[in-house]
Amino acid sequence: MAHPMTTKDGKPFDRASLESLMRRRLFYTPSFDIYGGVSGLYDYGPPGCALTNNIVDIWRKHFVLKENMLEVDCTMLTPYEVLKTSGHVDKFADWMCKDPKTGEIFRADHLVEEVLESRLKGDKEARGVKVEEKEEDPKKKKKKVKNITAIKLEDSVVQEYEEILAKIDNYNGEELGFLMKKYDIKNPATGGELLPPVSFNLMFQTSIGPSSNLPGYLRPETAQGQFLNFQKLLDFNQQTMPFASASIGKSFRNEISPRAGLLRVREFLMAEIEHFVDPEGGKKHQHFDEVKDVELELLNREVQLAGKTHVETTKIGKAVEIGLVDNETLGYFLARIQLFLLRIGVDPQKIRFRQHMANEMAHYATDCWDAELLTSYGWIECVGCADRSAYDLSVHMKKTGAPLVVREPRKEPLKIEEWQIDIEKKKFGPRFKKDGKTVEAAIEALTQDLREKLALDLEKEGKIIINVPGVGDGEVEVPKELIVIEKRTRVENVREYTPNVIEPSFGIGRIVYALCEHNYWTRAEDEARGVLSFPPTVAPTKVLIVPLSSHGDFKPFVRTLSNKLQDIGVSSRVDDSGASIGKRYSRNDELGTPLGITIDFQSVKDNTFTLRDRDTTKQVRASLDEICNSISNLVTGTEQWAEVAARLPAFEGQEVD
């Protein structure tokens, strides 16, 4: 559905202008561009790298430092066996459909979405509502709906389309195929018939070692390395629960049809947290009271299943209390995610949290919410926050036998009555020979209810019969001389449990792009040049140093200022080109540089400088120490420009724009 995206100052948003700026100023560029590029792969230039690094730095301070998390850096190469166990080999897939004549591949849900959205736009045109279409970059080889036809739809059809789009993420392959058939969805470019959707695994396969006998994948997420190191991290944390690990690194997904620039790529930076919590007691969080009054825009699954997209502003404390959000720890991280996004400069009016519906829930999740940011492409998932229950640790422990559990002393010993089994090992081995271990494992796996029933069979019949797949005809007879089943009481002094995991997962590249859209605008007097109003904390370069001219008297001051800013850890650039001061500042407004220092002839006389604010273009004048102190405060977020402007004398002597 169409979304009314606006610039930072509330005007209509022009995506083509922003993307042109980002490429021209080298925030990013297509990888292998001189070879024609590869879809879904991009390189970041100097401002893109700096912006990303600053966001990651704040992420570390906001989460890793604040929560005393244990950061790890795990390998990107992952053996097949690990991802087979985790379920990714079988279930990490999207639905794709193919045009048998042209060979073109489409991601089924995106195709349905684009076609229905285009028809809704055509309906608006037919009803006299103007729909602006942005000019697309001809280099982008996007398979998208072209030549939108102005055809009025029945009101009931419009409602149908809107309801389908509201729950597009909830359809499986069969349901998407049904929608394509029902609404006559074909290849948008040729009108050709498409084959029914089939599942496509998104992982990049590779082999490890020269003999290629160890199959593997490039990791699709950073989580598995954290789970496999759980026991070592627990030991490092002195067996103290709860605790969280964190990891920042590249992940890889072989997207079916990458589109939307930086929003859907095949290699991307992730920042993931695995918060390990005791499932007993409702997954409480000790700091939940600190965030319980944070208000979130929540779009729950019931609303989506009804074909609506209405959000409700809810305090997270209330959402947890009524069971809308499953538990305190999940709620705590939802609130902390929002606080992080606001801290880096995301528009508070363009954030919502959408709950996953049943069909789109990851195979490991029991509840999941996405932090979505509004962009010109619509609402985009930028952070996922899932309750992974005990799934991952359980499956890896079952596969490897590694004790991925917590053991803690009980305050009071626990007496447990249970049916226990003793096996006569000396007779058992000769009786079952090579099948002995398989039969023994099947016996050990028997539930308490089955053990009670078999104890009666053993007493009555003198033997038991158990199911053991793969041994004989699948049923094995065990005589009473080989086995004893008795009800006994044991005392447990140590509690053993598998922790549950709450996982916030951040797509840094998506956040970077959404942040650029949220902070983009143009000045009325210079609409050809954009402005990126990043907060000083995340801006790629913090300060522009502008000598009034190339006069030799200015050079020592340029060096002094640069050194002083380096000493306080603030990044700066010098622009001593022959362009006017206004043009030099304007060029750096495009890069998001929040502050500018002008060196003029008065600086030579009295060692004072002007400090310019990017957004207001207002200036103040003060000594070197006062200017640097103000810059330091602005960059760390401890002071806002309005406070600096109120404290230091305004400079009105020179019109720089």
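Residues numbered from 1 in each chain as written. Predicted model: local features only at pLDDT ≥ 70, side-chain atom pairs only at ≥ 80, totals over all residues. Heavy atoms only, no water.

- As named in an unreviewed UniProt entry, the chain is glycine--tRNA ligase, taken from Lojkania enalia.
- Its UniProt record gives the chain the following Subunit (unreviewed entry) comment, quoted word for word: "Homodimer."
- What UniProt records for the chain under Sequence similarities (unreviewed entry) is the sentence "Belongs to the class-II aminoacyl-tRNA synthetase family." (UniProt positions renumbered as here; feature names shortened; annotations may be inferred.)

**Here's the deal with the overall build of the chain**
Here comes step 1: In terms of helices and strands, the chain carries 22 helices and 28 strands.
Here comes step 2: Restricting to contacts in the chain with at least 6 residues of sequence separation, those with at least 24 account for 70%.
Here comes step 3: For the chain, the accessible area works out to roughly 32,200 Å², and carbon and sulfur atoms hold 50% of it.
Here comes step 4: Mean positive and mean negative side-chain charge positions of the chain (91 and 104 charges, respectively) differ by 3 Å. (Helix = DSSP H or I, 4+ residues; strand = E, 2+ residues; numbered from the N terminus. Contact = heavy atoms within 4.5 Å. Areas by Shrake-Rupley, 256 points an atom, 1.4 Å probe, with all protein chains shown as cover. Lys, Arg positive; Asp, Glu negative; His and termini not counted. Charge placed at Lys NZ, Arg CZ, Asp CG, Glu CD.)

**Focus on helix 19 (residues 581-590)**
Here comes step 1: Counting buried positions over the 10 residues of helix 19 gives 8, a clear majority of the element.
Here comes step 2: Along helix 19, the residues classified as buried are Ile581, Gly582, Arg584, Tyr585, Ser586, Asn588, Asp589 and Glu590.
Here comes step 3: Positive phi shows up at glycine 592, right after helix 19, with a value of about 85°. (Buried < 20%, exposed > 50% of the residue type's maximum accessible area, 1.4 Å probe, protein only.)

**Looking at the pairing of strand 8 (residues 205-208)**
Here comes step 1: Pairing between strand 8 and strand 9 (residues 214-218): 4 bridges, direction antiparallel. Bridge pairing in strand 9 links threonine 206 to glycine 216.
Here comes step 2: Hairpin connection, strand 8 to strand 9: the antiparallel pair is bridged by 5 residues, and glycine 209 has positive phi, about 95°. (Pairing = 2+ DSSP bridges.)

**Considering the domain arrangement of the chain**
Here comes step 1: Per the domain assignment, the segments making up the chain are domain 1 (42-85 + 203-392 + 501-508), domain 2 (93-201), domain 3 (411-496) and domain 4 (541-651).
Here comes step 2: Each of domain 2 and domain 3 has a C-alpha centre, and these two points are 58 Å apart. (Domains from an automatic or database assignment.)

**Structural notes on the pattern of salt bridges**
Here comes step 1: Counting across every chain of the model gives 50 salt bridges.
Here comes step 2: A salt bridge links aspartate 57 to lysine 61, with the shortest nitrogen-to-oxygen separation between them at 3.1 Å. A residue pair is termed a helical-turn pair when its members lie 3 or 4 positions apart in one helix, as aspartate 57 and lysine 61 do in helix 2 (residues 46-65) at 4 residues.
Here comes step 3: Its relative accessible area of 43% is what places lysine 61 among the partly exposed residues. (Salt bridge = Lys/Arg side-chain N within 4 Å of Asp/Glu carboxyl O.)

**Focus: unusual backbone geometry**
Glycine aside, the phi torsion of most residues is negative, and most peptide linkages are trans.
Here comes step 1: Omega for the bond connecting methionine 241 with proline 242 falls within 30 degrees of zero, at -5°, which places this linkage in the cis form.
Here comes step 2: Here proline 242 is to be found in the loop between helix 9 (230-236) and strand 10 (243-252).
Here comes step 3: Positive phi outside glycine occurs at lysine 433, with the angle close to 50°.
Here comes step 4: Tracing the chain through its elements places lysine 433 in the loop between helix 14 (425-432) and helix 15 (436-444).
Here comes step 5: Residue class for lysine 433 comes out exposed when judged on its relative accessible area of 67%.

**Description of the confidence of the model for the chain**
Here comes step 1: Of all residues in the chain, 96% attain a pLDDT of 70 or more, and the chain-wide mean is 91.
Here comes step 2: Low pLDDT, under 50, characterises residues 134-143; the stretch is placed with 18 contacts to residues that sit more than four places away or in other chains. (pLDDT = per-residue confidence, 0-100.)

**What to know about the sheet that holds strand 16 (residues 378-389)**
Here comes step 1: Pairing within the open sheet is mixed, and its 9 strands lie in the order 3-10-11-21-16-15-14-12-13. Each edge of the open sheet carries a strand with a single partner, namely strand 3 (70-71) and strand 13 (312-315).
Here comes step 2: Here 6 bridges tie strand 16 to strand 21 (residues 500-507), and the two strands are oriented antiparallel to one another. Following the sheet pairing, glycine 384 is matched in strand 21 by serine 505.

**Quick notes on the sheet that holds strand 7 (residues 198-201)**
Here comes step 1: Pairing is antiparallel in the open sheet, where 3 strands are placed in the order 6-5-7. Across the chains shown, the open sheet's two edge strands, defined by having one partner strand only, are strand 6 (105-107) and strand 7. Neighbour-to-neighbour, the strand axes of the sheet open up by a mean angle of 50°, direction not taken into account.
Here comes step 2: Pairing analysis gives 4 bridges linking strand 5 (residues 93-98) to strand 7, with the strands arranged antiparallel. Residue pairing for strand 7: aspartate 94 is matched across the bridge by phenylalanine 200. (Axes fitted to C-alpha atoms, helices over the stretch in contact; angles between N-to-C directions.)

**A short note on a negative patch on the surface**
Here comes step 1: Together, Asp289, Glu290, Asp293 and Glu295 give the surface a local cluster of negative charge.
Here comes step 2: Overall, glutamate 290 belongs to the exposed group, its relative accessible area being 53%. (Patch = residues over 30% accessible without salt bridge, like charges linked within 9 Å, V, L, I, M, F, W, Y side chains within 5 Å.)

**Section: the environment of leucine 450**
Here comes step 1: Within the secondary structure layout, leucine 450 lies in helix 16 (residues 448-461).
Here comes step 2: On the basis of relative accessibility, which here comes to 39%, the residue leucine 450 falls in the partly exposed class.

**Here's the deal with the nonpolar core**
Here comes step 1: Trp59, Ile316, Phe340, Leu341, Ile344 and Phe506 are the most contacted members of the largest nonpolar core, which totals 70 residues.
Here comes step 2: A per-element tally of this core places helix 12 (residues 328-343) first, with 8 residues.
Here comes step 3: Discounting chain neighbours no more than four positions away, the residues touching phenylalanine 340 are Ile55, Ile58, Trp59, His62, Phe63, Phe506 and Ile511.
Here comes step 4: If you look at the next biggest cluster of nonpolar residues, it comprises 24 residues, including Leu595, Phe609, Cys628 and Ile631. (Core = buried A, V, L, I, M, F, W, Y, C linked by side-chain atoms within 4.5 Å.)

**Notes on the packing of helix 18 (residues 555-567) against helix 21 (residues 624-636)**
Here comes step 1: Running from amino to carboxyl end, helix 18 crosses helix 21 at an angle of 40°, the nearest separation of the two axes being 11 Å. As summarised for this structure, helix 18 and helix 21 are arranged oblique, according to the angle between their axes. Judged by the sense of rotation from one axis to the other, the crossing of helix 18 with helix 21 is right-handed. Residue-level inspection shows Thr560, Leu561, Lys564 and Leu565 of helix 18 in contact with helix 21, the latter providing Leu624, Asp625, Cys628 and Ile631.
Here comes step 2: Taken together, the residues that form the contact of helix 18 with helix 21 break down as 5 nonpolar, 1 polar and 2 charged. (Parallel < 35°, antiparallel > 145°, perpendicular 65-115°, else oblique. Left-handed = near helix turned anticlockwise from the far one by under 90°. Nonpolar A, V, L, I, M, F, W, Y, C, P; charged D, E, K, R; others polar.)

**Notes on the side chain of lysine 542**
Here comes step 1: Following the sequence through the fold, lysine 542 ends up in the loop between strand 23 (526-532) and strand 24 (543-547).
Here comes step 2: In this structure the side chain of lysine 542 is engaged in a polar contact, spanning 2.9 Å, whose partner is the backbone oxygen of proline 536.
Here comes step 3: Looking at lysine 542, its side chain comes within polar contact range of the main-chain oxygen of threonine 537, at 3.0 Å.
Here comes step 4: Ignoring any residue separated from it by four or fewer positions in sequence, one finds lysine 542 in contact with Asn54, Pro536, Thr537, Val570, Ser571, Thr593, Pro594, Leu595 and Val635. (Polar contact = N/O pair within 3.5 Å; in protein donor to acceptor, adjacent residues only side chain to side chain.)

**Some words on the packing of aromatic side chains**
Here comes step 1: Summed over all chains, the structure comprises 19 aromatic pairs.
Here comes step 2: On the numbers, 6.3 Å between centres and 25° between planes, the contact of tyrosine 80 with tyrosine 217 is stacked. Of this pair, tyrosine 80 sits in helix 3 (residues 80-86) while tyrosine 217 is found in strand 9, placing the two residues 137 residues apart along the sequence.
Here comes step 3: When the centroid spacing of 5.4 Å and the interplanar angle of 85° are considered together, the rings of tyrosine 161 and tyrosine 183 count as edge-to-face. Taken as a pair, tyrosine 161 in helix 6 (residues 155-166) and tyrosine 183 in the loop between helix 7 (173-182) and strand 7 lie far apart in primary sequence, 22 residues in all. Considered together, tyrosine 161 and tyrosine 183 belong to a single accessibility category, that of buried residues. (Phe/Tyr/Trp six-rings, centres within 6.5 Å; stacked < 30°, edge-to-face > 60°.)

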